[in-house]
Amino acid sequence: MENSFTFLMIGILYVVLGLPLFFQKVKRNGLYGFRIEKTLSDDKYWYPVNKSSGKWFVICGIVILIAALMLPLFSLDKMSFFYVMIILVILGTLLPVLIPYRLLKTIK
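Residues numbered from 1 in each chain as written. Predicted model: local features only at pLDDT ≥ 70, side-chain atom pairs only at ≥ 80, totals over all residues. Heavy atoms only, no water.

Caption draft 1: How the structure looks around the overall build of the protein chain. Assigned secondary structure in the protein chain consists of four helices and zero strands. Here the C-alpha coordinates of the protein chain stretch approximately 50 × 20 × 20 Å along the principal axes. A buried classification covers 33% of the 108 residues belonging to the protein chain. The contacts of the protein chain with a sequence gap of at least 6 include a subset with a gap of at least 24, amounting to 65%. Total accessible area computed for the protein chain in this model is approximately 6,800 Å², and 71% of it derives from carbon and sulfur atoms. Looking at the protein chain, you have 12 positive and 5 negative side-chain charges, and the mean spots of the two groups are 10 Å apart. (Helix = DSSP H or I, 4+ residues; strand = E, 2+ residues; numbered from the N terminus. Buried < 20%, exposed > 50% of the residue type's maximum accessible area, 1.4 Å probe, protein only. Contact = heavy atoms within 4.5 Å. Areas by Shrake-Rupley, 256 points an atom, 1.4 Å probe, with all protein chains shown as cover. Lys, Arg positive; Asp, Glu negative; His and termini not counted. Charge placed at Lys NZ, Arg CZ, Asp CG, Glu CD.)

Rendered as structure tokens:
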């Protein structure tokens, strides 16, 4: 399917953006990472929250990659493929934000 390439690129992008966060290679900054007042104020918040966010970006990116490669093997029509992939992309955008946000509340 022609849409597979787009979703493959989205999956790769999620993995590429998530890895530096997961490996804690990104210092506090105003451009890249989980940027809210609390995480920007102290490394004790920045690194664990961004590690969690990065982990979820990588996991979601891999799921999107696998789905983009495997779903065309099934006899899905174009719109069904598109809807499944859009749901995965939405989840892949929400999970790396919501789960680390909950973690942030547990850090003392």
